[in-house]
Amino acid sequence: MSDLLIRNLRPEEISLVIDWAAAEGWNPGHCDAACFAIPDPQGFFVGEIDGKPAATVSCVNYDDRFAFLGFYIVRADLRGSGHGLRIWNGAIAHAGSRVIGLDGVVAQQDNYRKSGFQLAYANIRYGGVVAAPASSPADVVALDTIPFALVDADDTTVFPVRRSAFLRTWINTPGHVGRALLRDGKLAAWGVIRPCRTGYKIGPLVADDRTAAEAIVQALLASADGEVFLDVPAVNREAIVLAEALGLKPVFETARMYTGAIPPLRIDRVFGVTSFELG
């Protein structure tokens, strides 16, 4: 068998990993490729054999302290050949000394532990058809009317590092809809919904409590038509209650793992994960 040649994907080629993720049933968003290229354009890799893609992975360096790994896929006919380990090692090397996070399939936890990852908690994807409300809650406003600095600062309570460029792009991408809730002049909840290959995904969804999160969800659902998916940390009981109250059912689960310590985060405020691929 020919050798595996590993190289960086150019930003315009990142759609390859999106298409492979779709083929695996991961249901990416229509505009994910452009958004995902923002934090680290050098963080996407393909392994090729005779010029044809054989394996993919991403390891996005957000800053000099933290990276997130995703899109780890080996072509079905080549699995078990060792190509996956080679491209995995290349991605890990790209992160250098950074702490790395990932959302991996539960069955692969033991393999991830061999690379230094430790389980933090599970994330559960809930999905189903939810009827759009007749109207949005009166006190919810468009997210892009809120000063970005407020949203950016609030995001640091639920994500290990500041990700300003990515977050701004995620909010402002055509087709993405964002909503926010203010209480006494303070940001109490906010979230984004985006169209995906199947239905829509809500994420991030950040809120001080379930009542605030539900108000955002109801406002976001006004722009959705079809299936809706919400990825929630299993350790946030209030988020699970919200998902179940919407009539959503568990459809998938991941293991959120890290290679080292991260700053204390308000996981109790995470009612929807931004993305399993980028954290």
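Scroll up to find the structure this text is about.
The rules behind each value
- Throughout this document, residue positions are counted from 1 along each chain, in the order its sequence is written.
- Totals for whole chains, interfaces and linings use every residue, but because this is a predicted model, local features are given only for residues with pLDDT of at least 70 and side-chain atom pairs only at 80 or more, for both listing and counting.
- As a convention, hydrogens and water are excluded, and side-chain values are obtained from all of the structure's heavy atoms.
- What makes a nonpolar core is a set of buried Ala, Val, Leu, Ile, Met, Phe, Trp, Tyr and Cys residues whose side-chain atoms join them at distances within 4.5 Å.
- Between buried and exposed lies partly exposed: a residue is buried under 20% and exposed over 50% of the maximum accessible area for its type, with that area taken using a 1.4 Å probe on protein chains only.
- The helix count covers DSSP runs of H or I at least four residues long, the strand count covers runs of E at least two residues long, and both are numbered beginning at the N terminus.
- What marks off one domain from the next here is an automatic or database domain assignment.
- Contact definition: two residues touch when any of their heavy atoms are within 4.5 Å.
- The angle between two axes is taken between their N-to-C directions and runs from 0 to 180 degrees, where each axis is a line fitted to C-alpha atoms and a helix contributes only its stretch in contact.
- If an angle is under 35 degrees, it is roughly parallel; if it is over 145, roughly antiparallel; if it lies from 65 to 115, roughly perpendicular; otherwise it is oblique.
- Left-handed describes a crossing in which the near helix is turned anticlockwise from the far one by less than a right angle; the clockwise case is right-handed.
- Residues are grouped as follows: Ala, Val, Leu, Ile, Met, Phe, Trp, Tyr, Cys and Pro are nonpolar; Asp, Glu, Lys and Arg are charged; all remaining types, including Gly, are polar.
- Stacked, edge-to-face and tilted are the three classes for Phe, Tyr and Trp ring pairs, Trp counted by its six-membered ring, which pair at centre distances within 6.5 Å; planes under 30 degrees apart are stacked, over 60 edge-to-face, the rest tilted.
- A positively charged side chain is recorded as over a ring if its NZ (Lys) or CZ (Arg) lies within 6 Å of the ring centre. The angle to the ring normal must also be within 35 degrees.

Undergrad: I keep staring at the nonpolar core and nothing clicks. Help me out?
TA: A general trend in soluble globular proteins is that nonpolar side chains are found buried together. Counting residues in hydrophobic clusters, the biggest one holds 45 residues, and the most contacted among them are Phe36, Phe44, Tyr62, Phe66, Val151 and Trp190. Secondary structure elements with two or more residues in this core: α1 (15-23), α2 (32-36), β2 (44-49), β4 (66-74), α5 (148-155), α6 (164-172) and β9 (186-195). With five residues, the single largest contributor to this core is α1. Counting the residues that make up this core, at least three belong to each of domain 1 (5-121) and domain 2 (125-272). Setting aside chain neighbours within four positions, we find Phe66 in contact with Val60, Asn61, Arg98, Val99, Ile100, Gly101, Phe159, Pro160, Val161, Tyr258 and Ile262. In terms of nonpolar packing, the next biggest core, distinct from the first, is built from 32 residues, Tyr200, Leu205, Ala224 and Ala239 among them.

Undergrad: In this structure, what is going on with the packing of α5 against α6? I would like to understand it.
TA: When two helices pack together, their arrangement is given by the angle between the helix axes and the distance between those axes. Contact geometry for α5 and α6: axes closest at 10 Å, N-to-C directions at 120°. One way to sum up the angle between α5 and α6 is to call them oblique. In this structure, α5 crosses over α6, and the sense of that crossing is right-handed. Between α5 and α6, the residues in contact are Phe148, Val151, Asp152 and Asp155 and Ser164, Leu167, Arg168 and Ile171, respectively. By residue class, the composition of the contact of α5 with α6 is four nonpolar, one polar and three charged.

Undergrad: Quick question: what am I supposed to make of the packing of aromatic side chains here?
TA: Two measures describe an aromatic ring pair: the distance that separates the ring centres and the angle between the ring planes. One pass over the structure, following the stated rule, counts 14 aromatic pairs. Aromatic pair Tyr72 and Trp88: ring centres 5.0 Å apart, planes at 55°, arrangement tilted. With Tyr72 in strand β4 and Trp88 in helix α3 (residues 83-95), the pair connects residues that are 16 residues apart, well separated along the chain. For Tyr72, a relative accessible area of 29% gives the class partly exposed. Centre to centre, the rings of Trp88 and Tyr112 are 5.5 Å apart; their planes meet at 15°, and the pair counts as stacked. With a gap of 24 residues between them, Trp88 in helix α3 and Tyr112 in helix α4 (residues 109-114) connect regions that are remote in the sequence. Of the two residues, Trp88 and Tyr112, both sit in the buried class. An aromatic cluster is defined as three or more aromatic residues linked by ring pairs; in this entry it consists of Phe36, Phe44, Phe71, Phe166 and Trp170. Across the ring face of Phe159, the terminal group of Arg163 is positioned such that the distance to the ring centre comes to 3.9 Å. In this structure, Arg168 packs its charged tip against the face of Phe148, placed 4.0 Å from the ring centre.

Undergrad: Would you explain the environment of Ala22 in this entry?
TA: Here Ala22 shows up in helix α1. Distance from Ala22 to Arg197, taken between C-alpha atoms, is 7.4 Å for residues 175 residues apart in sequence. Those residues in contact with Ala22 that sit more than four places away from it in its chain are Asn27, Pro28 and Arg197.

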